[in-house]
Amino acid sequence: MSDEFEIARTKAAALTKEINAHNHRYYVLDDPTVPDGEYDRLLVALQAIETQFPELVSPTSPTQRVGAAPAAGFPVVTHALPMLSLGNAFSDEELERFVVRIGERLGAVEIKDLVFSAEPKLDGAAVSMMYVDGMLERAATRGDGVHGEDITHNVRTIRSVPLTLTGADIPDRLEVRGEIFMPKAGFIAYNERAEATGEKPFVNPRNAAAGSLRQLDPALTARRPLDMYCYAAGLVEGGTLPTTHTDTLAKLASWGLKTNPEVRPVTGAEGCIEYYQALEQRRAGLPYEIDGVVFKVDAFDLQETLGNVSRAPRWAIARKFPAEEAVTVVRAIEWQVGRTGAVTPVARLEPVFVGGVTVSNATLHNIDELQRKDIRPGDSVTIRRAGDVIPEIVGSILERRPSGAEPVALPSVCPVCGSPVERIGDESVARCIGGPLVCTAQRVEGLKHFSSRKAMDIEGLGSKLIEQLAQDRVSSPADLYRLTAEELAQLDRMAEKSAKNVIAAIDKSKQTTLPRFLFALGIRDVGETTAESLAMHFGSIEALLAADEAALIDVEDVGPVVAKRVLSFFGNPDMQVLIRELRALGIVWPEIDTTADESDHDHFFSGKTVVLTGTLSTLNRTEASARIKRLGGKVTSSVTSKTDLLVAGEKAGSKLQKAQNLEIEVIDEETLIRIFDES
Ligand code: IVH
């Protein structure tokens, strides 16, 4: 035997062992340690070896079965018709090729007119339900597609599964297939409860659904918030179904079965791609997890002509969203110093493609989180990036931790300026006590914040330029207004023309608003919304400077913590000097009419608590919240049960989801503008 063969044999054996271990954790324990993408990668690697050396394929190789055999404890069910799986497409091109292939096979059919049923690919567990004379007789898992487990007792506990069908023309025997899933809200609530009672939380809603269905005690399943959508019929005897898939789903719905309201007929590859993109946009706001879109040729006669390849139909495909979880290696853990001196750990990663982008850094937020997650340099970690949110390290894969990987400790001195790093009381954040005058990192971050779009909005003053200036020439925001074009032009890579532009932008920023100015000062815990509330309440900086704790707490959105921050900020003589300097250098804002803040009971938003989220494209946030307040509303920053209305701009994320979960009214920017116009 050749060396190459021996190496392949060893590799295949190692992969087989690893895949089998993951299989056990996934299917039997419902507790996977690696994301699906990583599992798929191992399987693909084994398949590649087996393709090259077919002698290595054994009947027990993990590549030889899809899914898992029934677990002990559940009677085995042989499916009347096999439950197929789906081929995948990971790009628009692959999807187009799928459509072209179908066109070639169907010959006479014009592919641009071909109708597909487009539907969310739910991330749960497949189920087959047999209705005899309209009564639920048996429910089974998909298992390996041929044999599944009898989970009738557990499925009966799911409220959205009808135990009897109602309506006309119900076939004598009807097999309905669908996906059982745990809605996001139920999953979150379940895990919160589990954490409180010391039980083990589920890693994701899919495992939660699969694990719940395979409880031996149906009473336990009944307590899990499970739901179901039907996506196909299987065996039909003693009756008939319509001739298309979408009509069949409508028929199933008419008999009381639950079908997904997002299912829609679309035409041609173009229609498929449009649907995919639109659903991807709305994914975060859907009340359940989906991992892609399924496209099925709608006409049953065409499905039959196309037939199946091994265990997947030629007439359907799953267009998958980019994987939201991936595994990579932590190269190093470094400490970053922020505007307020907060020293936060950041993991430098081997670049990895996840959630549609390449990720090479991930924050670990604070030392407590770093210790709780116990992430060490050299660790293999699971990275998650869902939707537009910042990438997060889910955790280390302990089985892969290299020997000698040591935890990192909080540095005792600032990595940038060398000042001591302190933790005050039980605060989770450690801070460099250097302050912006001593610590360049704090100075740079403070200046970046000061000039940012939502603060003083100094266009053209980019990070690189700020870093250069903060080295010597600019030690406080006031120094920005003392810069001259000649000085700037002397810097590296700075032409006279751009120097002039920067000075013009700095000059322009002098005409600002009080909310922007307050936000720009960078008072801890005073974000855009709070700055706005403070400005509208006090009307002038003098009144704000004179306010005591009680007066501050009176302001919307301000509690004892923020009040303390504001007092200590304005009590600092350096800050008083800075404010005086800035005003002397020409920073001005229009006066504010504080009487507009009084709630007037005749206005549209009277007595309503409103939250703004996402990007508003026509109005800016400051303007929108000022107008809402003028109409009697209260604007706060987080969605709670007290919120009456959410205004969701583009790319709204978690706040939108939370509002939907709490069944809070949601309006878009257009509607908000209409309300303003009509009020
Ligand atoms: S149709 C012949 N439709 O995806 C087609 N499957 O990879 C069989 N799934 O086991 C499936 N949502 O659990 C279909 N709208 C949907 C689906 C869906 C989720 C799951 C199902 C199946 C797996 C196939």
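Residues numbered from 1 in each chain as written. Predicted model: local features only at pLDDT ≥ 70, side-chain atom pairs only at ≥ 80, totals over all residues. Heavy atoms only, no water.

Peer 1: Give me the lowdown on the nonpolar core, citing residues and values where you can.
Peer 2: Membership of the largest hydrophobic core comes to 55 residues, with the highest contact counts inside it found for Phe517, Leu518, Leu521 and Leu534. Ignoring anything within four residues of it in the chain, the contact list for Phe517 reads Met456, Thr512, Ile541, Ile579, Leu582, Ile587 and Trp589. (Core = buried A, V, L, I, M, F, W, Y, C linked by side-chain atoms within 4.5 Å. Buried < 20%, exposed > 50% of the residue type's maximum accessible area, 1.4 Å probe, protein only. Contact = heavy atoms within 4.5 Å.)

Peer 1: For the site of the ligand, give the residues involved together with the corresponding values.
Peer 2: The immediate surroundings of the ligand are formed by 14 residues, with Glu119, Leu122, Glu179, Tyr231 and Lys296 found nearest. Within the side chain of Lys121, one N or O atom sits 3.2 Å away from an oxygen atom of the ligand. At 3.4 Å from an oxygen atom of the ligand is found a side-chain nitrogen or oxygen belonging to Tyr231. Relative to its free-state accessible area of 520 Å², the ligand is covered by the protein chains to the extent of 87%. (Near = heavy atom within 4 Å. Polar contact = N/O pair within 3.5 Å; in protein donor to acceptor, adjacent residues only side chain to side chain. Areas by Shrake-Rupley, 256 points an atom, 1.4 Å probe, with all protein chains shown as cover.)

Peer 1: So what's going on with the pattern of salt bridges? Residues and values would help.
Peer 2: As a working rule, side chains carrying opposite charge can pair if their charged atoms are close by. All told, the structure shown has 37 salt bridges when counted by the stated rule. A salt bridge links Arg41 to Glu38; the nearest nitrogen and oxygen atoms lie 2.8 Å apart. Placement of the pair is Arg41 and Glu38 together in helix α2 (residues 36-52), with a separation of three residues, close to one helical turn. When its relative accessible area of 47% is taken as the criterion, Arg41 is described as partly exposed. The buried category is assigned to Glu38, whose relative accessible area is 6%. Residue Glu262 pairs with Arg282 through a salt bridge whose shortest N-O separation is 2.9 Å. (Salt bridge = Lys/Arg side-chain N within 4 Å of Asp/Glu carboxyl O. Helix = DSSP H or I, 4+ residues; strand = E, 2+ residues; numbered from the N terminus.)

Peer 1: Describe in detail the sheet that holds strand β8 (residues 227-237), supporting the description with residues and values.
Peer 2: Sheet architecture is open: four strands sit in the order β5-β4-β7-β8, paired in antiparallel fashion. Edge positions in the sheet fall to β5 (135-141) and β8, since each of these pairs with one other strand and no more. With strand direction ignored, the average angle separating the axes of adjacent strands in the sheet is 25°. For strand β4 (residues 125-132) and β5, the ladder comprises six bridges, and the chain directions are antiparallel. Paired with Val127 across the two strands is Thr141, which belongs to β5. Strand contacts of helix α8 (residues 245-254): β7 (173-181) and β8, with the helix running at about 110° to β8, the strand carrying the most contacts. (Pairing = 2+ DSSP bridges. Axes fitted to C-alpha atoms, helices over the stretch in contact; angles between N-to-C directions.)

Peer 1: Give a description of the sheet that holds strand β21 (residues 609-613) that names residues and reports values.
Peer 2: Adjacent strands of a sheet pair through backbone hydrogen bonds, lying either parallel or antiparallel. Pairing is parallel across the open sheet formed by four strands, whose spatial order is β22-β21-β23-β24. Two strands bound the open sheet, and with one partner strand each, they are β22 (634-636) and β24 (665-668). Within the sheet, the average angular offset between the axes of one strand and its neighbour, ignoring direction, is 30°. Sitting on the sheet, helix α26 (residues 669-678) is in contact with β23 (645-648) and β24, with an inclination near 85° to β24.

Peer 1: Lay out the packing of aromatic side chains with the relevant residues and their values.
Peer 2: Evaluation of the coordinates by the stated rule reveals 13 aromatic pairs. A centroid spacing of 5.4 Å and a plane angle of 80° characterise the contact between Phe5 and Phe53, whose relative ring orientation is edge-to-face. Here the residue Phe5 occupies a position in helix α1 (residues 3-28), and Phe53 occupies one in the loop between α2 and β1 (76-78), the gap between them amounting to 48 residues. As far as burial versus exposure is concerned, Phe5 and Phe53 are alike and both buried. A centroid spacing of 6.3 Å and a plane angle of 80° characterise the contact between Phe450 and Tyr481, whose relative ring orientation is edge-to-face. (Phe/Tyr/Trp six-rings, centres within 6.5 Å; stacked < 30°, edge-to-face > 60°.)

None of this, on its own, says anything about what the molecule does.
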